[in-house]
Amino acid sequence: KILKIDLKKNKVILKHKLKNNIFAEGITIIDDKLYQLSYIQNHLYIRDKNSFELLNTKSISSQGWGLTTDKKNLILSDGSSCIKFLNKDNLKIEKEIFVHNKSTNIGYLNELEYIDNKIYANVYLTNYIIIIDPDNGKILGYIDLKDLEKHKNPENVLNGIAFDKKTNKDRKSV
């Protein structure tokens, strides 16, 4: 589902339910368009951000694990160590970076967020969010969320990153 919620009233303002066979795994907004990524269907759905009306469906060349934007490009993860930057207008690959530390590439990149000119990525099946240089893929730092582990159901995994622009603070979710 895609929901627009009035947080003050805790009321759903707008809702769109996806077909049961579509597992949506990433969503971002640029200008007046909402971009929604499917996990295994290899689709990028382009919607009107105000009405959720489907404007277009584009095929992508990989699974969809995470999606964010730097307002110029869509930034996509497919679960590997590669992050693709797609031109927002024609969806062509502008560049690719490979996320790495000093010795190896890091894969299983899931949820993505673009905050203060850095990419934050949840590393699937770990307790880490890594902070990535979008120019070269170098890991600049990490956030260890092991303290959340004692509170989570063993069947759940960390799968969300949010940032409060008003308070300039991270908001982690499980």
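Here is what the cut-offs are and how they apply
Residues numbered from 1 in each chain as written. Predicted model: local features only at pLDDT ≥ 70, side-chain atom pairs only at ≥ 80, totals over all residues. Heavy atoms only, no water. Phe/Tyr/Trp six-rings, centres within 6.5 Å; stacked < 30°, edge-to-face > 60°. Helix = DSSP H or I, 4+ residues; strand = E, 2+ residues; numbered from the N terminus. Buried < 20%, exposed > 50% of the residue type's maximum accessible area, 1.4 Å probe, protein only. Lys NZ or Arg CZ within 6 Å of the ring centre and 35° of its normal. Pairing = 2+ DSSP bridges. Axes fitted to C-alpha atoms, helices over the stretch in contact; angles between N-to-C directions.

A. Representation of the packing of aromatic side chains. Under the counting rule described, the total for this entry stands at 5 aromatic pairs. With 6.3 Å between their ring centres and 55° between their planes, Trp-65 and Tyr-108 make a pair best called tilted. Placement of Trp-65 in the loop between strand S6 (54-59) and strand S7 (66-69) and of Tyr-108 in the loop between strand S10 (93-98) and strand S11 (109-115) is noted, with a sequence separation of 43 residues between them. Centroid distance Tyr-128 to Tyr-142: 5.4 Å. Interplanar angle 75°. Geometry classified as edge-to-face. With Tyr-128 in strand S13 (residues 128-132) and Tyr-142 in strand S14 (residues 139-144), this residue pair connects regions lying 14 residues apart in the sequence. Judged by its relative accessible area of 35%, Tyr-128 falls in the partly exposed class. Among the aromatic side chains, those forming a connected cluster through ring pairs are Phe-23, Tyr-39, Trp-65, Tyr-108 and Tyr-124. Taking NZ or CZ as reference, Lys-95 lies 4.5 Å from the ring centre of Phe-85, over its face.

B. Summary view of the sheet that holds S6. Across the sheet, 4 strands lie side by side as S3-S4-S5-S6; this open sheet has antiparallel pairing. If you trace the sheet from one side to the other, it starts and ends with strand S3 (24-30) and S6, each paired once. Each strand axis lies, on average, 20° off the axis of its neighbour in the sheet, ignoring direction. Bridging between strand S5 (residues 43-48) and S6 involves 5 bridges; their strand directions are antiparallel. Directly across from Tyr-45, in S6, lies its bridge partner Thr-57.

C. Fine view of the pairing of strand S4 (residues 33-38). Within S4, 5 of the 6 residues are buried, which leaves the element mostly enclosed by the surrounding structure. The pairing of S3 with S4 spans 6 bridges and is antiparallel. Within the sheet, the bridge partner assigned to Thr-28 lies in S4 and is Tyr-35. The pairing of S4 with S5 spans 5 bridges and is classified as antiparallel. By the bridge assignment for S5, Leu-34 is matched with Arg-47. Turn length for the S4-S5 hairpin, with the two strands adjacent in sequence and antiparallel, is 4 residues, and the turn residue Asn-42 shows positive phi of about 60°.

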